[in-house]
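Here's the letter readout for the chains.
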Amino acid sequence: MTSVARAPYSADLTVVHVPVADPRVRPLLRELGHEYSTRYGKDAHAEISRYPDEEFTPRYGGLLLLLLERGEPVAGGAFRRHDATTAELKRIWTHSAHRRRGLARRVIAELEREANARGYRRIHLTTGPRQPEARGLYLATGYTPLFDTEADPESIGPLPFEKHLAVTTPTGKAIDL
């Protein structure tokens with residue numbers, strides 16, 4: 001079952017929260033699988049299926065969202081519960097025909113907002129060492145690298161990042177913890 005989550009960012013962009021089984025998620029999984037296989041030369045299915053689909057549902061502390069343009073998925077991402085106060089971002093994706101439009105930044109902002117609304121105070125994520133555009137995205141959106149940024153990424157393995165979320169008061173004022 002699908003539900004519309006928020007008002008559109010613009011007349012043509014809408015955010016929806018969906019289960020992994022929603023057919024609109026297929027392009028996300030297909031393109032991520034292709035990216036992983038191309039960059040790392042291994043079976044992408046293992047990475048995509050590492051976490052059970054239910055971990056990306058509100059019942060289990062997670063969420064999967066898509067950014068739709070005229071009803072078609074153009075970007076998406078998810079988070080899962082890492083621990084009681086930390087969400088872990090996963091599956092950040094922009095459709096190959098829609099890159100360089102700032103859509104991934106919009107997805108991250110929406111995931112952060114949703115994680116904050118669910119009581120998470122920190123976000124954790126990792127990206128592969130052969131994904132420099134993802135590394136750049138996380139640095140540009142305020143994530144702190146938990147690795148030596150001067151080291152060869154291949155010598156590190158998965159690159160971990162974190163970001164602490166501000167708590168919003170009932171008046172809408174943000175408080176850093």
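Residues numbered from 1 in each chain as written. Predicted model: local features only at pLDDT ≥ 70, side-chain atom pairs only at ≥ 80, totals over all residues. Heavy atoms only, no water.

## Some points on the overall build of the chain
Next up, step 1: Along its length, the chain carries 5 helices and 10 strands.
Next up, step 2: When the 177 residues of the chain are sorted by exposure, 44% land in the buried category.
Next up, step 3: Here the analysis covers contacts within the chain between residues at least 6 apart in sequence; of these, 58% occur between residues at least 24 apart.
Next up, step 4: Split by element, the accessible area of the chain, about 9500 Å² in all, is 52% carbon and sulfur. (Helix = DSSP H or I, 4+ residues; strand = E, 2+ residues; numbered from the N terminus. Buried < 20%, exposed > 50% of the residue type's maximum accessible area, 1.4 Å probe, protein only. Contact = heavy atoms within 4.5 Å. Areas by Shrake-Rupley, 256 points an atom, 1.4 Å probe, with all protein chains shown as cover.)

## Some thoughts on helix α4 (residues 132-140)
Residues three or four positions apart in an α-helix share a direction because the helix packs 3.6 residues into each turn.
Next up, step 1: For α4, the set of buried residues is A134, R135, L137 and Y138. One side of α4 carries all its buried residues, which in axial view fall inside an arc of 160 degrees.
Next up, step 2: Where the residues of α4 are buried, they touch β5 (86-94), α3 (103-117), β6 (122-127), α5 (153-156) and β8 (159-164).
Next up, step 3: Positioned one or two residues after α4, G142 has a phi angle of 90 degrees, which is positive. (Arc of directions from axis to C-beta.)

## Description of the packing of aromatic side chains
Next up, step 1: Taken as a whole and judged by the stated rule, the model has 4 aromatic pairs.
Next up, step 2: Aromatic side chains F147 and F161 sit 5.3 Å apart centroid to centroid with 85 degrees between the ring planes, which places their arrangement in the edge-to-face category. With F147 in the loop between β7 (144-145) and α5 and F161 in strand β8, this residue pair connects regions lying 14 residues apart in the sequence. No difference in accessibility class separates F147 from F161, as the two residues are buried.
Next up, step 3: Joined through ring pairs, the aromatic side chains of Y138, Y143, F147 and F161 make up one cluster. (Phe/Tyr/Trp six-rings, centres within 6.5 Å; stacked < 30°, edge-to-face > 60°.)

## Comments concerning the pattern of salt bridges
Next up, step 1: Evaluated as defined, the whole model comprises 15 salt bridges.
Next up, step 2: Where E35 meets R99, a salt bridge forms, and the shortest distance between an N and an O atom there is 3.6 Å. With E35 in helix α1 (residues 26-40) and R99 in the loop between β5 and α3, this pair connects stretches of sequence that are 64 residues apart.
Next up, step 3: Under the relative-accessibility criterion, R99 is labelled partly exposed at 38%.
Next up, step 4: The network of salt bridges with shared partners includes E31, E35, R39, R99 and E133. (Salt bridge = Lys/Arg side-chain N within 4 Å of Asp/Glu carboxyl O.)

## A word on the layout of surface pockets
To find leftover empty space, a probe the size of one water molecule is rolled over the atoms.
Next up, step 1: As a volume, the largest pocket reaches approximately 1100 Å³.
Next up, step 2: Around the largest pocket, the lining comprises 39 residues; the ones closest to its centre are I92, T127, Q131, A134 and Y138.
Next up, step 3: Every element with two or more residues in the lining of the largest pocket is listed here: α1, α2 (44-48), β5, α3, β6 and α4.
Next up, step 4: The leading source of residues in the lining of the largest pocket is β5, at 7 residues.
Next up, step 5: Across the lining of the largest pocket, the residue classes break down as 19 nonpolar, 7 polar and 13 charged. (1 Å grid on protein atoms, 1.4 Å probe; cavity = no way out; pocket = protein on both sides within 12 Å on 5 of 7 lines; lining within 4 Å. Points joined across faces, edges and corners; volume = space filled by probe spheres on them. Nonpolar A, V, L, I, M, F, W, Y, C, P; charged D, E, K, R; others polar.)

## Observations concerning the packing of α3 against α4
Next up, step 1: α4 packs onto α3 with a crossing angle of 55 degrees between their chain directions and a minimal axis gap of 11 Å. With respect to α4, the element α3 is oriented oblique. The two elements α3 and α4 meet at a crossing, and its hand is right-handed. Side by side, α3 and α4 meet where A104, R105 and I108 of the first sit next to L137, Y138 and A140 of the second.
Next up, step 2: Its residues assigned to classes, the contact of α3 with α4 shows 5 nonpolar, no polar and 1 charged. (Axes fitted to C-alpha atoms, helices over the stretch in contact; angles between N-to-C directions. Parallel < 35°, antiparallel > 145°, perpendicular 65-115°, else oblique. Left-handed = near helix turned anticlockwise from the far one by under 90°.)

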